Amino acid sequence: MTEHHRFRGLATKAIHAGFRPDAATGAVNAPIYASSTFAQDGVGGLRGGYEYARTGNPTRAALEASLAAVEEAEYGRAFASGMAATDCALRAVLRPGDHVVIPDDAYGGTFRLIDKVFTQWGITYTAVSLADLDEVRAAITPQTKLIWVETPTNPLLSIADIAGIAQIASTSAIKLLVDNTFASPALQQPLTLGADIVLHSTTKYIGGHSDVVGGALLTSDEELDTAFAFLQNGAGAVAGPFDAYLTMRGLKTLALRMRQHSENATLVADFLANHPAISSVLYPGLPSHPGHEVAAKQMSAFGGMVSVRMAGGPDAARKLCASTEIFILAESLGGVESLIEHPGAMTHASTAGSQLEVPDDLVRLSVGIEDSTDLLADLEQALG
């Protein structure tokens, strides 16, 4: 039994798994081990298994254990960014000639990496609506080795049935990866629904304070973890000890923050759904959302991300982005502060002209944990 199995609740795991009070000093937080190398007791005599910080660092190891615990995984690997984790996952699973199924509204960075880089090395992909299981089945070829899922997706907030896709993948010996960045482990745990790999940009909700960049891969498949570990060390895109410490600090309050993010986002979505300037609201917590029932089944709440399409078109979208005062015009998401952005010109500009191009009238909101009355008032004045 691994240590984190002794803790039942996610909030307890987020606080206690990965590090117990230091035996020598009683410190309740993992120290920042700012050392690039570690003394050996004779050649090959490693203290605690550490030799060089790219290969392993105690602060990073504590973070990896904590992330594994909250995702119900046996193994965790922390990276320098979410894209570094994405790159590692793709290289660990795919070989030249292989095929991957991706969402037709995937995150722009993921699409750019697959479309512009991995295709140069003989990887092919098919983009489909993962909300339609028949489309997923139809996209699979004898060369398919991986199904890449986001749920909810970025930025259109589509929902994929993780258990349903896991069943499809397992019958064809295909690996299933779920990018769980938007939901976070506080709201959704894909490994318990049949996924093989969970990916996070820990920059977002897990870090939670817009002050650290990182990524993670979690799995209970020892063979996959061995491949991740080899690439993590061999390619070297590791999380540094300071970043690992900040990410752990964020993780400790994840459960509390996600409750407030979800509560505020629900109020924002309800408000916007009744505003004449908005043509549609994309939020899985709304009963009108086509993925609402599936989301309710696999998520404990609906998260802090809300996207809207403007009745006034692209000009209205850009005007809204320029008119808010509390919602800050900036890329990224998942921090305590509310952010607003225009995906077509910002985070998803790389999808322009492709099958994954996002609507130009779309605005994405990362709803923070401020007082909800202030957030609603800010949107009301910006739309007025």
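Analysis parameters
Residues numbered from 1 in each chain as written. Predicted model: local features only at pLDDT ≥ 70, side-chain atom pairs only at ≥ 80, totals over all residues. Heavy atoms only, no water. Helix = DSSP H or I, 4+ residues; strand = E, 2+ residues; numbered from the N terminus. Rg over C-alpha atoms; globule rule 2.2 N^0.38 Å. Buried < 20%, exposed > 50% of the residue type's maximum accessible area, 1.4 Å probe, protein only. Areas by Shrake-Rupley, 256 points an atom, 1.4 Å probe, with all protein chains shown as cover. Pairing = 2+ DSSP bridges. Axes fitted to C-alpha atoms, helices over the stretch in contact; angles between N-to-C directions. Domains from an automatic or database assignment. Contact = heavy atoms within 4.5 Å. Buried area = accessible area lost by both parts, 1.4 Å probe. Salt bridge = Lys/Arg side-chain N within 4 Å of Asp/Glu carboxyl O. Polar contact = N/O pair within 3.5 Å; in protein donor to acceptor, adjacent residues only side chain to side chain. Nonpolar A, V, L, I, M, F, W, Y, C, P; charged D, E, K, R; others polar.

1. Looking at the overall build of the chain
Next, step 1: In terms of helices and strands, the chain carries twelve helices and twelve strands.
Next, step 2: Compactness check: the chain gives a C-alpha radius of gyration of 21 Å against a globular reference of 21 Å for 384 residues, within 12% of the reference.
Next, step 3: Across its three principal directions, the C-alpha atoms of the chain cover 70 × 50 × 35 Å.
Next, step 4: Taking all 384 residues of the chain together, 52% fall into the buried category.
Next, step 5: Only carbon and sulfur atoms are counted for the fraction: they give 53% of the accessible area of the chain, which is about 15700 Å².

2. Quick word on the sheet that holds strand β1 (residues 75-79)
Next, step 1: With mixed pairing, the seven strands of this open sheet are ordered in space as β1-β7-β6-β5-β4-β2-β3. The outermost strands of the open sheet, each flanked by one partner alone, are β1 and β3 (124-128). For this sheet, the mean angle separating the axes of adjacent strands, direction not counted, is 20°.
Next, step 2: By the bridge criterion, three bridges tie strand β5 (residues 175-179) to strand β6 (residues 197-201) in an arrangement that is parallel. From the neighbouring strand, Val-178 faces β6, where its bridge partner is Val-198.

3. A short note on the domain arrangement of the chain
Next, step 1: The domains assigned to the chain are domain 1 (10-250) and domain 2 (255-383).
Next, step 2: Taken together, the contact pairs 38 residues of domain 1 with 40 residues of domain 2.
Next, step 3: Around 3000 Å² of area is buried between domain 1 and domain 2 when both sides are counted, 63% of it from carbon and sulfur atoms.
Next, step 4: Considering only the side of domain 1, the residues that lose the most area to domain 2 are Leu-157, Leu-187 and Tyr-205, jointly responsible for 25% of the buried surface there.
Next, step 5: Here domain 1 and domain 2 share one salt bridge between them.
Next, step 6: Lys-297 is paired through a salt bridge with Asp-161; the nearest N and O atoms lie 3.5 Å apart.
Next, step 7: In this structure, the connection of domain 1 to domain 2 is made through 16 residue pairs in polar contact (both at pLDDT 80 or more).
Next, step 8: Of all the secondary structure elements, the ones that give two or more residues to the side of domain 1 that touches domain 2 are α1 (10-16) and α4 (108-117).
Next, step 9: Of all the elements, α4 adds the most residues to the side of domain 1 that touches domain 2, at three residues.
Next, step 10: Residues that form the side of domain 1 that touches domain 2 fall into these classes: 21 nonpolar, twelve polar and five charged.

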